[in-house]
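So you can see what is in the structure, the chains are spelled out below.
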Protein chains: 2
Amino acid sequence: MKTTEYIELIDKKLDEYMPENIMPEDIFKAMKYTVTLPGKRLRPIMCMEACRIFGGNYEDAIPTACAIEMLHAQTLIHDDLPCMDNDDYRRGKPTNHKVFGEANAVLAGDALLSFAPQIILKNSKNLGCEKLVKIMEEYTQYAGAYGVIAGQVADIEAEKNWRENIFGLEPSKLLDFIHTHKTADLFKLSLRTGAIIAGASEQELEMITEFAQKLGVAFQISDDILDEISTFEEMGKTLGKDKDAGKLTYVTLYGLDEAKNKLSCILKDCYDMINGLGEKSDALVEIIKGMEKRVGL
Amino acid sequence: MKTTEYIELIDKKLDEYMPENIMPEDIFKAMKYTVTLPGKRLRPIMCMEACRIFGGNYEDAIPTACAIEMLHAQTLIHDDLPCMDNDDYRRGKPTNHKVFGEANAVLAGDALLSFAPQIILKNSKNLGCEKLVKIMEEYTQYAGAYGVIAGQVADIEAEKNWRENIFGLEPSKLLDFIHTHKTADLFKLSLRTGAIIAGASEQELEMITEFAQKLGVAFQISDDILDEISTFEEMGKTLGKDKDAGKLTYVTLYGLDEAKNKLSCILKDCYDMINGLGEKSDALVEIIKGMEKRVGL
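As the structure is a computational prediction, the values presented were derived from the model and not from experiment.

### A look at the interface of chain A and chain B
In this assembly, 49 residues from chain A lie in contact with 49 residues from chain B. Across the chain A to chain B interface the summed buried area is about 4100 Å²; carbon plus sulfur atoms make up 74%. Viewed at the interface, chain B and chain A are joined by 2 salt bridges. Glu137(B) is paired through a salt bridge with Lys125(A); the nearest N and O atoms lie 2.7 Å apart. Taken together, the elements giving at least two residues each to the side of chain A that touches chain B come down to α2 (25-35), α4 (62-79), α6 (102-123), α7 (129-143) and α8 (148-161) of chain A. When residues of the side of chain A that touches chain B are assigned to their parent elements, the largest contribution, 14 residues, is made by α6(A). Classifying every residue of the side of chain A that touches chain B gives 32 nonpolar, 9 polar and 8 charged.

Set out below in structure tokens:
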């Protein structure tokens, strides 16, 4: 399936899964607002595609795929809050707290953290309870303080003091830590749960995890590059903030050219790995090509 | 088992479950800080006691009981934020954001929402995957927008405009909605999961849910009364704020005497119900007596 077809399916299901007219409406509206903003849907595509390439039916992965997009939206809502990155725009629209107020944005994010796994539990009963428990284990691991939240905490702390070896890490190691947790961990959650739904072996899970790690780091490097070279119109969010703040990014640390070189090398590795993963995957190739294109590689 | 014995056990296990020296340490420290503040541990006691009175081994309920205390701590951390109730003290100590900063407090709360179910998944494997899935269903239902978050949203909205029938509800109905979700829902989660671990029947689950509803409303009424009559020294948090803000509470709506009468009636119902729940329960009786005592009934 092509990424455009996946996106259409995901958008339809996200709309279906997110209720609106339940009291208190404000909170359900706030949840739905950010979840259904148009996006690339990389994570749910990866989840369904991993399920397919390891011999499963991608339709079995739809609830989990959509739940991971909800979790991703949760991280965006809270990352944009005034006490964090204080961003006014996301995907070209006002951020959640700008529309619904700060208290509702905090609570909408909280609610998504329970709503997302609930969507899996309600709509994936056909997988059987053993797989459901495994998916819950993956979800709670990567969504929490061992996963994406570790990345966000380190990212915030690294905004100012990264030259002082915070956490006892040199800047390059700290940057790896941030990229691994802030971005690669949700890619791992997506690809691993898709593979688990398909019944992949431990060895296959290891391979897909390594692939997710590389792809996640590549994506974050491309994001760091875009913060430097792109525009609000192209990205739908305020850019250049990292640079202005002297924040630790791949570009701040290595310069623009070296960042592009590094990205190119990692993406080459990713292409090489795809063939070893299972079935041929046009969608994963498209995702990598998309990353090359957005930074002009 | 007496409540004091339960509390000792719970405090020991909470300390064990909450790691400290994991990077990024700030977030694990922030999580542990609020979870391990001394408290009455009502919810975990209810969970273990429900397991016991329906014929289970209370030790099987320890991870779930502690996870619900972590979830409760999460709601406290986020409710105390400047954009919500803006409280500086909780259980006699500075609130989470006062110690760790607002960003870390938001993220510590987020992290607890995944950490708590992870504790259950990791430490309750002996229950088997069917019961684990049931517990996850209960957890995600009561922790989210259908549960405790609905109560918090309504509570915030009711602070100013409750006379205008927000959500289309008269003040008394709105107050029921807030009490049901803000307080009774976590009591339901505690008692129901304890009963599920013991293998209780559907009928027993219905009974315990009804009991949890009554006890939750009683607890919230006693809290409303205490906000009026107690002191910072007794409660460890700033009081009288509800009254000063003209907020919708049982006391604002019905007056202090009527609130006490109502509480007394509900607690009488609770005593009557306890005998029908299963084994004799000293701990549940102690909890009710505690509510009577704190408001001088």
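### Section: unusual backbone geometry
Each neighbour pair has its own omega, and for Met23(A) with Pro24(A) the value is -5 degrees, a cis peptide bond. Along the polypeptide, Pro24(A) turns up in the loop between α1 (3-17) and α2. In this structure, Arg41(A) is a non-glycine residue whose phi angle is positive, near 55 degrees. As for its placement among the helices and strands, Arg41(A) is situated in the loop between α2 and α3 (42-53). Positive phi is not limited to glycine here, since Asn86(B) has a value of about 50 degrees. Given a relative accessible area of 42%, Asn86(B) falls into the partly exposed group.

### What to know about the environment of Arg192(A)
Residues and elements named next belong to chain A. Along the chain, Arg192 turns up in helix α9 (residues 171-198). Classification of Arg192 by relative accessible area gives buried; the value is 15%. C-alpha separation for the pair Arg192 and Cys51, spaced 141 residues apart in sequence, amounts to 8.7 Å. Filtering out sequence-adjacent residues up to four positions away, Arg192 remains in contact with Glu138, Tyr142, Leu205, Ile208 and Thr209. A polar atom in the side chain of Arg192 sits 2.7 Å from the side chain of Glu138. Side-chain polar atoms of Arg192 contact the side chain of Thr209, separated by 2.8 Å.

So, how was this worked out
Residues numbered from 1 in each chain as written. Chains lettered and ligands numbered in written order. Predicted model: local features only at pLDDT ≥ 70, side-chain atom pairs only at ≥ 80, totals over all residues. Heavy atoms only, no water. Contact = heavy atoms within 4.5 Å. Buried area = accessible area lost by both parts, 1.4 Å probe. Salt bridge = Lys/Arg side-chain N within 4 Å of Asp/Glu carboxyl O. Helix = DSSP H or I, 4+ residues; strand = E, 2+ residues; numbered from the N terminus. Nonpolar A, V, L, I, M, F, W, Y, C, P; charged D, E, K, R; others polar. Buried < 20%, exposed > 50% of the residue type's maximum accessible area, 1.4 Å probe, protein only. Polar contact = N/O pair within 3.5 Å; in protein donor to acceptor, adjacent residues only side chain to side chain.

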